[in-house]
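Listed below are the residues making up each chain.
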Amino acid sequence: MPLLECKDLCLGYNKNILVQNLNFSVNAGDYLCIVGENGSGKTTLMRTILGLQRALNGSIIFDGGLQKNQIGYLPQQTQVQRDFPASVFEIVISGCQSSAGMRPFYNKEEKQRAFKNMKRLGILALAKRCYRDLSGGQQQRVLLARALCATQKMLLLDEPITGLDPNAAEEMYRLVKDLNKNDGISVIMISHDVNVALKDATHILHVGANIFFGTKEEYFSRHKNGGGL
């Protein structure tokens, strides 16, 4: 049973259609890599799944115990966000907002979840550090820990290695792979670094004028046999 299923999605803004007739599903433990040209609708798709904007047509179905507010999200950062003057702990625990609801404070369980995820990603020693004083790789670990506070089932990652040096990028990919393989978290990731991202993916979604959805093996076979996208 899929955790997430998109049926006949049409995405865009007003009358500007970016992609239509989009169909795919994500099961527990899948690692879906979304690829496509700039402006093809990859980030729009992710925002639509999260309910941050509406689809022009079609439906998104959550199942398997997954709800829309239980998805961890790591968006692309702006420069303003990189300079945010908050502590690492404050950033990470803000991922518990969906479970805290209208409470003006975080409970013991949510604090423990934040500390657990900081330890999981090797940033517990940075808990009291100011977020804007961290390196790019450290900041991405903080944001990944924040996303984990929101979910035990699914992560959505939008270009998670943007602006990172090669070593930090490799480490970010390793962390995501580990969360997928060892923690059983389903991953949906947008990446321009196609060759590297495809090493870990189980499924590929190509969006644009021509749509492809299938396993990594099917994707490579199509290219090997001269099938274009």
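Residues numbered from 1 in each chain as written. Predicted model: local features only at pLDDT ≥ 70, side-chain atom pairs only at ≥ 80, totals over all residues. Heavy atoms only, no water.

Caption draft 1: Broad picture of the sheet that holds strand β6 (residues 154-158). In spatial order, the strands read β5-β6-β7-β3-β8-β9; together these 6 strands make up an open sheet with mixed pairing. Across the chains shown, the open sheet's two edge strands, defined by having one partner strand only, are β5 (71-74) and β9 (212-215). Strand-to-strand twist of the sheet, defined as the mean angle between neighbouring strand axes without regard to direction, takes the value 15°. Across 4 bridges, strand β8 (residues 203-206) lies against β9 in antiparallel orientation. Directly across from Leu205, in β9, lies its bridge partner Phe213. The strands touched by helix α1 (residues 42-49) within the sheet are β3 (31-35), β5, β6, β7 (186-190) and β8, with β6 carrying the most contacts at an inclination of about 150°. Across the sheet, helix α6 (residues 136-149) lies against β5 and β6, angled at about 160° from β5, the strand it touches most. (Pairing = 2+ DSSP bridges. Helix = DSSP H or I, 4+ residues; strand = E, 2+ residues; numbered from the N terminus. Axes fitted to C-alpha atoms, helices over the stretch in contact; angles between N-to-C directions. Contact = heavy atoms within 4.5 Å.)

Caption draft 2: Layout of the pattern of salt bridges. Within the structure shown, the criterion is met by 5 salt bridges. When the shortest N-O distance is used, the salt bridge between Arg120 and Asp178 registers 2.7 Å. Residue Arg120 is found in helix α5 (residues 108-120), and its partner Asp178 is found in helix α7 (residues 166-183); the two are separated by 58 residues along the sequence. Note that Arg174 is salt-bridged to Glu171, the shortest N-O span being 2.6 Å. In this pair, Arg174 and Glu171 are both assigned in helix α7, 3 residues apart and thus about one turn of the helix distant. Overall, Arg174 belongs to the partly exposed group, its relative accessible area being 43%. According to the relative accessible area criterion, Glu171 is partly exposed, its value standing at 24%. Salt bridges here are not isolated pairs; linked through shared partners, they connect Arg120, Asp178 and Asp183. (Salt bridge = Lys/Arg side-chain N within 4 Å of Asp/Glu carboxyl O. Buried < 20%, exposed > 50% of the residue type's maximum accessible area, 1.4 Å probe, protein only.)

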